[in-house]
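A look at the structure
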Amino acid sequence: MTKGFKFKNKSLADKSLSIIVKIFRFLFLLGMSYVLLYPVLFLLSNAFRAPVDRLDPTIIWIPKTLTMSNFAFADELIGFKDSILKTIGILVPSVIVQVFVCLMVAYGFSRFNFKGKNLLFACLIFTIIVPSSTIIIPLYVKFHFFDFFYLGQLLRPFNHGDAVSINLLNTNWPFYIMSATGVGIRSGLYIYMIRQFFSGMPKELEEAAYVDGCNPFSTFIRIMVPNVGSIIIVILLFSIVWHWNDYYLAVMFYVDNYPLSVGVTVLQDRLSLLAESMNAENMALAESSILEAACFVVIMPLLLLYIFAQKYFTESITRSGLVG
């Protein structure tokens, strides 16, 4: 009887502990959901809110008057169409080139031994640790007087003693060149991640390819790349998000015709100038809603990307973690 009583008490204790764990898990997930969703819901509520609703204390989340005037006014000041096309023009070629180059560099680090390999890999880690602000001035000067990687210096005798150079600022070429040379946005991190992934793959795959007559490049293209689809998806999504959100490089490389990420800052400056020439009180009511409407346009493509790609992204993260 005593043993049976102890067994029942133990079973009851286990059930109680399980219930308590579920309650704490639910509260934790609820709190995290609130932290993550609150900014998006607040942005959505204010982007479609008319200025008159800001004076109504009874309105908290759902506005009484839905309006698209905030989006229309923001579009007049910065031009969403041109900004989005500019961003896509930077993003698509840069992402494609960056992913391919990072794959090749990571494969070289993981599979080949060459002189200076450890030093170069240390430099790669250095690019991850050191912030981009430390090299922004050399980058600016380099692309302002781009001499085709010092080849223009060789033409000094034929150009009256001056180096041959062109100004690449206010064009998309700085992003393309950085991606092609392996120093694009977060390229060091991507190379490190892919290198760890390649290091975990069996070398027998390459040995079998060599026996069949493949050279190192064809082995990389035909054998290795098809087997790392999961990490490619991870890097592709990361690269898209970071190129879409990039502000620091874009504001340094462009004088006008800014990408969408810089357009919000430009919008804020133009609204401040308008506030000086208009009724300050009315402008203060509309300014916040206009800015939030512009921010909503910026984050909406990324939200849609996450909604449709979260399944593949989660699976890719899991597989890359297991292999790497």
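Worth saying up front: this structure is predicted, and the values here are computed from it rather than measured. All residue numbers refer to position in the chain's written sequence, counted from 1. Local features in this predicted model are restricted to residues of pLDDT 70 or higher, and side-chain atom pairs are both shown and tallied only at a pLDDT of 80 or more, whereas totals for entire chains, interfaces and linings draw on every residue. Side-chain measures were taken over the full set of non-hydrogen atoms in the model, leaving aside hydrogen atoms and water.

So, helix α10 (residues 229-245)
Threshold: Helical segments are the DSSP runs of H or I of at least four residues, strand segments are the runs of E of at least two, and each set is numbered from the N terminus. To estimate how far a helix should reach, multiply one less than its number of residues by 1.5 Å. Three exposure classes are used, based on accessible area relative to the maximum for each residue type with a 1.4 Å probe and protein chains only: buried under 20%, partly exposed in between, and exposed over 50%.
With 17 residues, α10 ought to run about 24 Å at 1.5 Å a step, and its terminal C-alpha atoms sit 24 Å apart, in line with that. Every buried residue of α10 is listed here: Ser230, Ile231, Ile232, Val234, Ile235, Leu237, Ser239, Ile240, His243 and Trp244.

Structural notes on the packing of aromatic side chains
This is how it is decided: Two aromatic rings, drawn from Phe, Tyr or Trp (for Trp, its six-membered ring), form a pair once their centres lie within 6.5 Å of each other, and the interplanar angle then sorts them: stacked below 30 degrees, edge-to-face above 60, tilted otherwise. Two limits define a charge over a ring: the Lys NZ or Arg CZ must be within 6 Å of the ring centre, and within 35 degrees of the ring normal.
Within the structure shown, the criterion is met by 22 aromatic pairs. Between Phe109 and Phe121 the ring centres are 5.5 Å apart and the planes differ by 70 degrees, which places this aromatic pair in the edge-to-face class. Here the residue Phe109 occupies a position in helix α3 (residues 80-111), and Phe121 occupies one in helix α4 (residues 117-129), the gap between them amounting to 12 residues. Joined through ring pairs, the aromatic side chains of Phe143, Phe146, Phe148, Phe149, Phe175, Phe253 and Tyr254 make up one cluster. Cation over ring: Arg186 sits above Trp242, and NZ or CZ is 4.8 Å from the ring centre. Here Arg195 stacks its cationic end above the ring of Phe121, 4.5 Å away from the centre of that ring.

A word on empty space enclosed by the protein
Under the convention used in this document: For cavity detection a 1 Å grid was placed over the protein atoms alone, and a set of points counts as a cavity when a 1.4 Å probe fits there but cannot get out; an open set counts as a pocket when protein lies on both sides within 12 Å along at least five of seven lines, with lining residues being those that have an atom within 4 Å of a point. Grid points are joined across faces, edges and corners, and a volume is the space filled by probe spheres set on the points. Residues were grouped as follows: Ala, Val, Leu, Ile, Met, Phe, Trp, Tyr, Cys and Pro as nonpolar; Asp, Glu, Lys and Arg as charged; and all remaining residues, including Gly, as polar.
Applying the stated criterion across every chain, the model contains one cavity of 30 Å³ or more. Roughly 50 Å³ of internal volume is contained in the largest cavity. Taken together, Thr87, Ile90, Phe175, His243, Asp246, Ala250, Pro259 and Ser261 make up the lining of the largest cavity. Taken together, the residues that form the lining of the largest cavity break down as four nonpolar, three polar and one charged.

Things to note about unusual backbone geometry
Positive phi is not limited to glycine here, since Phe148 has a value of about 60 degrees. Note that Phe148 resides in the loop between α5 (136-144) and α6 (173-180). Among the residues examined, Phe148 registers a relative accessible area of 36% and is labelled partly exposed. A positive phi angle is found at Arg186, which is not glycine, with a value near 60 degrees. Note that Arg186 resides in the loop between α6 and α7 (187-199). By relative accessible area, which is 42% here, Arg186 ends up partly exposed.

Some details on the pattern of salt bridges
Note the following rule: Any Lys or Arg side-chain nitrogen located within 4 Å of an Asp or Glu carboxyl oxygen qualifies as a salt bridge.
Per the stated rule, a full pass over the model turns up two salt bridges. Its salt-bridge partner being Arg111, residue Glu206 comes within 2.4 Å of it at the nearest N-O pair. You can see Glu206 sitting in helix α8 (residues 204-211) and its partner Arg111 sitting in helix α3, a full 95 residues away along the chain. The buried category is assigned to Arg111, whose relative accessible area is 15%. One salt bridge in this structure joins Asp147 and Lys142, with 3.0 Å as the shortest N-O distance. For Lys142, a relative accessible area of 23% puts it in the partly exposed group.

Focus: the confidence of the model for the protein chain
Selection criterion: On a scale of 0 to 100, pLDDT captures the predictor's confidence in every residue.
Averaged over the protein chain, the pLDDT score is 83; the fraction of residues at 70 or greater is 90%. Across the protein chain, α6 holds the top mean pLDDT of 94, while helix α13 (residues 280-323) sits lowest at 74.

Quick word on the packing of α3 against α7
Counted only if it meets this: Axes here refer to lines fitted to C-alpha atoms; in helices the fit is confined to the stretch in contact. Angles between the N-to-C directions go from 0 to 180 degrees. Throughout, the term roughly parallel applies to angles under 35 degrees, roughly antiparallel to angles over 145, roughly perpendicular to angles from 65 to 115, and oblique to all others. For any pair of crossing helices, the crossing counts as left-handed if the nearer helix is rotated counterclockwise from the farther one by less than a right angle, and right-handed if it is rotated clockwise. Should any heavy atoms of two residues lie within 4.5 Å, those residues are considered in contact.
Contact geometry of α3 with α7 gives a least axis separation of 8 Å together with a crossing angle of 50 degrees. As summarised for this structure, α3 and α7 are arranged oblique, according to the angle between their axes. Here the hand of the crossing between α3 and α7 comes out right-handed. On α7, the residues touching Gln98, Cys102, Leu103, Val105, Ala106, Tyr107, Phe109, Ser110 and Arg111 of α3 are Ser187, Tyr190, Ile191, Ile194, Arg195, Phe198 and Ser199. Class assignment for the residues of the contact of α3 with α7 results in 10 nonpolar, four polar and two charged.

Points about the nonpolar core
The following threshold applies: Definition of nonpolar core: a set of buried residues of the types Ala, Val, Leu, Ile, Met, Phe, Trp, Tyr and Cys, connected through side-chain atoms within 4.5 Å.
Core analysis: the largest hydrophobic core is formed by 45 residues, its most contacted members being Phe80, Leu103, Ile194, Phe198, Val228, Ile231 and Leu267. Phe175, Leu249, Phe253 and Val262 belong to the second-largest nonpolar core, a separate cluster that totals 17 residues.

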